[in-house]
Amino acid sequence: MHSITLIPGDGIGPAIVDAAVKVIEATGVPITWDRQLAGMAAVEKLANPLPDATLDSIRQHRLCLKGPLTTPVGGGYRSVNVSLRQTFNLYANVRPAISFEGTATPFKDVNLVIIRENTEGLYAGVEHFIKVDEERIAAESIAVITAKGSERVIRYAFEHARKAGRNKVTLVHKANILKCTAGLFLEIGREVAKDYPDIEFDDRIVDACCMQLVMKPHTFDVIVTTNLFGDILSDLAAGLIGGLGLTAGANIGRDAALFEAVHGSAPDIADLGIANPTAMILAGAMLLEHIGERSAARKIEHAVRAVIRDGRVVTPDLNPTSGYGTQDMADAIVSRISELD
Ligand code: NAI
Ligand code: MG
């Protein structure tokens, strides 16, 4: 029996998390879910975006499946997503982008994974305004890159490549301009690469990488990069394979792992029952893979891909005239899984 912290989140979160739980349970893997609050839902009930009970639960189970959490823009509380990654030192954010048959995108045969450093860089939280007579005349955000933090995520990328049977790691940076921060990251990358002669290694400047991802996405395999670039590139990669509703991510640390969709709480469609549950369901599959439940993870992936290929019982982001919603799509995936048994 596996015990897993479950955070439904807000916006479309509770609906897609329900869908994911239904699909995961259909595989028969025995799981007890420890439901906890975070973000807006926790502020409303407990006046605290990240309650101790939630942190204790993750500390105890070391595994978490999390729905998206709304983060106030500008002021308000700090991103709970960023806090969770930093609290549990979830240093590697693994975001695969693999083409689906049956999605309306001109890009075929995309099969890459972005590994984003998840605790440092411009997300380190070192920022402030500079004020003169209470007027904000400037602002500074400091990117923090450590040799140790760079090495562990780059090493993770190479190990991931080996384990997943991938043969190239591309390090993405801006070392021509950010000579210190990006420079250090690149320098460590070149050193680590020497330990992996079986894996090809190259590097790209982030702007050129964006162009190439659109022109020749199939030339990428594993991308490893710093926090902000990884955040941006992974949404770009999600666009290549048919949208944010389709891509999942794992946040991996030494002592805990947290699985989520790449997308946010989608307030624009929150009450419509039409959110695509795929990303959240695939986050569940990544979790199962992580805990060694390989065949259950494969079943989910097969079932999701079959339902999308079929194109009938899918949410409107995939087929605008389908007339189906989140739970219909989840049910279609569940019945595919039972056919695979
Ligand atoms: P978003 O990812 O929530 O939405 C962007 C666009 O994609 C919207 O048009 C939305 O309707 C669509 N979309 C997203 N997920 C979808 C799905 N499953 N099915 C169909 N369409 C989907 O990004 P946005 O609007 O910038 O952020 C909303 C909130 O989410 C913000 O407060 C943000 O901070 C938070 N957020 C949280 C994340 C997390 O919990 N890991 C990640 C990204 C954003
Ligand atoms: Mg993002």
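If you're wondering where the values come from, they're calculated on a predicted model, not measured in any experiment.

Criteria and thresholds
- Residues numbered from 1 in each chain as written.
- Chains lettered and ligands numbered in written order.
- Predicted model: local features only at pLDDT ≥ 70, side-chain atom pairs only at ≥ 80, totals over all residues.
- Heavy atoms only, no water.
- Phe/Tyr/Trp six-rings, centres within 6.5 Å; stacked < 30°, edge-to-face > 60°.
- Helix = DSSP H or I, 4+ residues; strand = E, 2+ residues; numbered from the N terminus.
- Buried < 20%, exposed > 50% of the residue type's maximum accessible area, 1.4 Å probe, protein only.
- Lys NZ or Arg CZ within 6 Å of the ring centre and 35° of its normal.
- Domains from an automatic or database assignment.
- Contact = heavy atoms within 4.5 Å.
- Buried area = accessible area lost by both parts, 1.4 Å probe.
- Salt bridge = Lys/Arg side-chain N within 4 Å of Asp/Glu carboxyl O.
- Near = heavy atom within 4 Å.
- Polar contact = N/O pair within 3.5 Å; in protein donor to acceptor, adjacent residues only side chain to side chain.
- Areas by Shrake-Rupley, 256 points an atom, 1.4 Å probe, with all protein chains shown as cover.
- Pairing = 2+ DSSP bridges.

## Comments concerning the packing of aromatic side chains
Item 1. What the rule picks out here adds up to three aromatic pairs.
Item 2. Measuring from ring centre to ring centre gives 6.3 Å for Tyr91 and Tyr156, while their planes differ by 90°; the resulting arrangement is edge-to-face. Of the two residues, Tyr91 sits in the loop between helix 4 (80–87) and strand 4 (92–98) while Tyr156 sits in helix 5 (residues 147–163), which places them 65 residues apart along the sequence.
Item 3. A ring pair is formed by Phe158 and Phe201, whose centres lie 5.9 Å apart and whose planes are at 35°; its orientation type is tilted. Here Phe158, found in helix 5, pairs with Phe201, found in strand 9 (residues 200–205); they are 43 residues apart in sequence, far enough to count as distant.
Item 4. Exposure remark for Phe158: the relative accessible area of 0% places this residue in the buried category.
Item 5. By relative accessible area, which is 23% here, Phe201 ends up partly exposed.
Item 6. In this structure an aromatic cluster arises from ring pairing among Phe158, Tyr196 and Phe201.
Item 7. It is Arg116 that lies over the ring of Tyr123; its NZ or CZ is 5.2 Å from the centre.
Item 8. Against the face of Phe100 rests Arg305, its NZ or CZ located 4.2 Å from the ring centre.

## Observations concerning the domain arrangement of the protein
Item 1. Taken domain by domain, the protein holds domain 1 (1–95 + 244–341) and domain 2 (105–241).
Item 2. Of note, the centres of domain 1 and domain 2, computed from C-alpha atoms alone, are 24 Å apart.
Item 3. If you look at the interface, domain 1 gives 17 residues, while domain 2 gives 21 residues.
Item 4. Roughly 1600 Å² is buried in total at the junction of domain 1 and domain 2, and carbon and sulfur atoms are behind 53% of that figure.
Item 5. At the junction of domain 1 and domain 2, the tally comes to one salt bridge.
Item 6. Between Asp231 and Arg95 there is a salt bridge; the shortest N-O distance is 3.8 Å.

## Quick notes on unusual backbone geometry
Item 1. A positive phi angle is found at Ala47, which is not glycine, with a value near 55°.
Item 2. As for its position among the elements, Ala47 is in the loop between helix 2 (40–46) and helix 3 (52–61).

## Some points on the site of ligand 1
Item 1. As a matter of local geometry, ligand 1 sits amid 20 residues, with Thr71, Gly264, Ala266, Asp268 and Asn276 nearest to it.
Item 2. Contacts to ligand 1 include Thr71, whose backbone N or O atom sits 2.8 Å from an oxygen atom.
Item 3. The contact in question runs from a nitrogen atom of ligand 1 to an N or O atom on the backbone of Asn276, over 2.9 Å.
Item 4. Within the complex, 69% of the 810 Å² of free accessible area of ligand 1 lies under protein.

## Quick word on the pattern of salt bridges
Item 1. All chains considered together, the criterion is met by 20 salt bridges.
Item 2. The shortest N-O distance in the salt bridge between Glu101 and Arg309 comes to 3.7 Å. Residue Glu101 is found in the loop between strand 4 and strand 5 (111–117), and its partner Arg309 is found in helix 10 (residues 294–310); the two are separated by 208 residues along the sequence.
Item 3. In this structure Glu101 comes out as exposed when scored by relative accessible area, which is 54%.
Item 4. Note on Arg309: relative accessible area 46%, which makes it partly exposed.

## Re the pairing of strand 9
Item 1. One ladder, built from six bridges, connects strand 8 (residues 168–173) with strand 9; its direction is parallel. For Leu171, the partnering residue across the bridge sits in strand 9 and is Asp203.

## Digging into the environment of Pro106
Item 1. Note that Pro106 resides in the loop between strand 4 and strand 5.
Item 2. In this structure the C-alpha to C-alpha distance between Pro106 and Arg166, which are 60 residues apart in sequence, comes to 24 Å.

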